[in-house]
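A look at the structure
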Amino acid sequence: MNERHQVAIAGMGLAALTTAARLTELGITEIALYANGFGGTPYIAAINFVLPDNPYGDTPEQYCEDMIHAGYEIGNRELVQDMARHTVEGYELLRRWGVTFAHNADGSIKLRHVSGHTYPRSLCQTTELIGEEIMKVMLPKLEAAGVKIYRNCQVVDLLTEQGAVAGMTVREQGKLRQVYAPVVVAAWGGAGNLLGKSTYPGDIQGNTLGMAKKAGAEMVDMEFMEFEPLVILDPPGAAGEPSPTAMLGEGGYLRNAEGERFLLRVRPQGEAGASKSLINREAWKEVQAGKGSPHGGVYLDLRHVDRAVLKSYPWFFDRLMHSGCDPNEQQLEIGPMVHSFSGGIQVNLDYASNVPGLYAVGEACGGIHGACRCAGNAGSQAALSGMLCAEGIARNGVPEKAPQEQPVTYREDLAARERLLPKVREIGAGALGIYRSGKELAAAGEALDALLQSGELRADSFTEQSALSIRMILQAALNRRESRGTHNRLDYPEMDPAYEREFTI
Ligand SMILES: Cc1cc2nc3c(=O)[nH]c(=O)nc-3n(C[C@H](O)[C@H](O)[C@H](O)COP(=O)(O)OP(=O)(O)OC[C@H]3O[C@@H](n4cnc5c(N)ncnc54)[C@H](O)[C@@H]3O)c2cc1C
């Protein structure tokens, strides 16, 4: 049976939840979420909001400037200003739907200082990840409010009718069916595992970028793939676990193999608050200079950090201890890994795309983080974009004309996928590392074009969408003939000094 809804949301991460929550508050009914997992949301440790009683004198204006600056002046200022202006409302929305945050002994809200921010403004939980708490409290409340949640449903295609969105094709237990809705919200997260291994769970596959493009959506900032800088490389039991960048705010040091705090050479004020791209760049230089760790990274030194502080990050501390690594006893070997995606569907202040009826929220949309995302801002952007998108949908109205039925055109050929997808990924991953060269980007683009034009990929829509996603990223990376933020070009290695300024705390 094909379902019909007023608003169909692809995803059930934080951006989807706040979209549905605010739509419900605004009296819009017949909302449905379709997803095949929880995405990055359960892993969110830090989420930023500037609250009126911030003890450091923080302001939404300062928050906005931090985002623009950390994004190397590339973020869409209107979107960033709007997000900063509504920061308190985003926090209040989460509170209304039952989310709680950790407090200090004096009753004030606990604030952490994470990468890229002038002031501590990151809210958290100290007994579990705040993302887990969000999922646990919001999902049942939304269901109780009448929102339909279709778990184990993968959205495999977007439907359009005369240029406007008309619904989506979903896959559940191997069967494909159509879902019709005059408003579709892409809340499917970022690019995650598009190129292979990343910090993201398996449900974030990145083919969704190609899906949006095929539906006619304009994309933005596609070259800006974040690399998480402090991912554990060893011991094997903890490998892949991202150390929170808040560890640097808690007093952690970054050292090379000679024990030198190398970041101080370019950032004398210390490691706390350093942007992720600066850490990645400087660590890469240490490795190139032969001062890296045995697994090709550098060291995070937490030996002097108070044990009680380390224990207030239980998911991290416990995983290290269970792997036989005591962070008060030994340095941690860390390195970069593909992480969040700052590009995506281009949106306006209502989070509407150029395709009528298609909205995009959270990591699915681009334009906010620019060339480098402040830590803890993916969560706040997901929460706020969902809220603002719902208000935009309510303002613009849900089109009354019901979409017409149409046949499923999505194609599946698992044998072709098994043969071709690894090839497609390898082409992308080879050219899209932290350091990129124009020659390699161009060659990878040509290799993918050859595959796309050969018609071979048409047998399997998922593989074709993935190839299209990678092709867009390659082209954007080739077009940006400079090093900026997370995008480093070996053939244009010098970053404009105007972008090198780092924050003083
Ligand atoms: C290990 C880790 C740690 C992180 N730590 C932080 C942090 O501390 N602070 C911070 O701000 N950010 C952090 N992030 C980033 C953050 O998790 C994401 O940016 C954020 O969750 C984005 O929210 P979202 O709702 O847009 O997407 P997600 O939370 O990724 O949710 C996407 C949803 O879409 C679904 N989906 C995907 N594809 C499809 C499809 N084809 N069909 C149907 N459903 C689909 C997924 O199953 C999921 O339900 C972290 C990420 C990871 C992986």
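Analysis parameters
- Residues numbered from 1 in each chain as written.
- Predicted model: local features only at pLDDT ≥ 70, side-chain atom pairs only at ≥ 80, totals over all residues.
- Heavy atoms only, no water.
- Helix = DSSP H or I, 4+ residues; strand = E, 2+ residues; numbered from the N terminus.
- Buried < 20%, exposed > 50% of the residue type's maximum accessible area, 1.4 Å probe, protein only.
- Domains from an automatic or database assignment.
- Contact = heavy atoms within 4.5 Å.
- Buried area = accessible area lost by both parts, 1.4 Å probe.
- Polar contact = N/O pair within 3.5 Å; in protein donor to acceptor, adjacent residues only side chain to side chain.
- Nonpolar A, V, L, I, M, F, W, Y, C, P; charged D, E, K, R; others polar.
- Pairing = 2+ DSSP bridges.
- Axes fitted to C-alpha atoms, helices over the stretch in contact; angles between N-to-C directions.
- Salt bridge = Lys/Arg side-chain N within 4 Å of Asp/Glu carboxyl O.

**Here's the deal with unusual backbone geometry**
- In this structure, the amide linkage connecting Asp 234 to the following residue, Pro 235, adopts the cis form with an omega of 5°.
- Locating Pro 235 in the fold gives a position in the loop between strand 12 (225-234) and helix 7 (246-249).
- Unusually for a residue other than glycine, Gln 162 sits at a positive phi of about 50°.
- Considering the arrangement of structural elements, one finds Gln 162 in the loop between strand 7 (153-161) and strand 8 (164-172).
- With a relative accessible area of 80%, Gln 162 lands in the exposed category.

**A look at the domain arrangement of the protein chain**
- On domain assignment, one finds that the protein chain holds domain 1 (3-152 + 342-396), domain 2 (227-338) and domain 3 (414-489).
- Taking only C-alpha atoms into account, the centre of domain 1 sits 30 Å from that of domain 3.
- Contact residues are listed per partner, giving five residues for domain 1 and four residues for domain 3.
- Of the roughly 360 Å² buried where domain 1 meets domain 3, counting both sides, 60% is carbon and sulfur surface.
- It is Tyr 72, Ile 74 and Ala 371 that lose the most area in domain 1 upon contact with domain 3, and together they represent 85% of the buried surface on that side.
- Linking domain 1 with domain 3 are two residue pairs in polar contact (both at pLDDT 80 or more), by the criterion used here.
- Of the residues contributing to the side of domain 1 that touches domain 3, the split by class is four nonpolar, no polar and one charged.

**Quick word on the sheet that holds strand 3 (residues 31-34)**
- Across the sheet, which stays open at both edges, the five strands sit in the order 6-3-2-10-17 with parallel pairing between neighbours. Of all the strands in the sheet, the pair left with one neighbour each is strand 6 (148-150) and strand 17 (358-360). Neighbour-to-neighbour, the strand axes of this sheet turn through a mean angle of 20°, independent of strand direction.
- Against the sheet, helix 11 (residues 377-396) contacts strand 10 (183-186) and strand 17, and its axis sits at roughly 160° relative to strand 17.

**Things to note about the pattern of salt bridges**
- Evaluated as defined, the whole model comprises 33 salt bridges.
- One salt bridge connects Asp 82 with Arg 85, and the closest N-O pair in it is separated by 3.2 Å. Of this pair, Asp 82 and Arg 85 are both found in helix 3 (residues 77-85), three residues apart, which corresponds to roughly one turn of the helix.
- Judged by relative accessible area, Asp 82 falls into the buried class, the value being 10%.

**Description of the sheet that holds strand 1 (residues 3-4)**
- Across the sheet, four strands lie side by side as 1-9-8-7; this open sheet has mixed pairing. Of all the strands in the sheet, the pair left with one neighbour each is strand 1 and strand 7.
- In this sheet, strand 8 lies alongside strand 7 in antiparallel orientation, the contact comprising eight bridges. Each bridged residue has a counterpart across the sheet, and for Leu 158 the counterpart in strand 8 is Met 168.

**Side note on helix 3**
- Leu 79, Val 80, Asp 82, Met 83 and Ala 84 are the residues of helix 3 that are buried.
- Along its buried surface, helix 3 packs onto helix 2 (60-70), helix 4 (87-96) and helix 11.
- Between the side-chain oxygen at the start of helix 3 and the backbone nitrogen of Glu 78 there is a gap of 3.0 Å, and the oxygen is on Asn 76.

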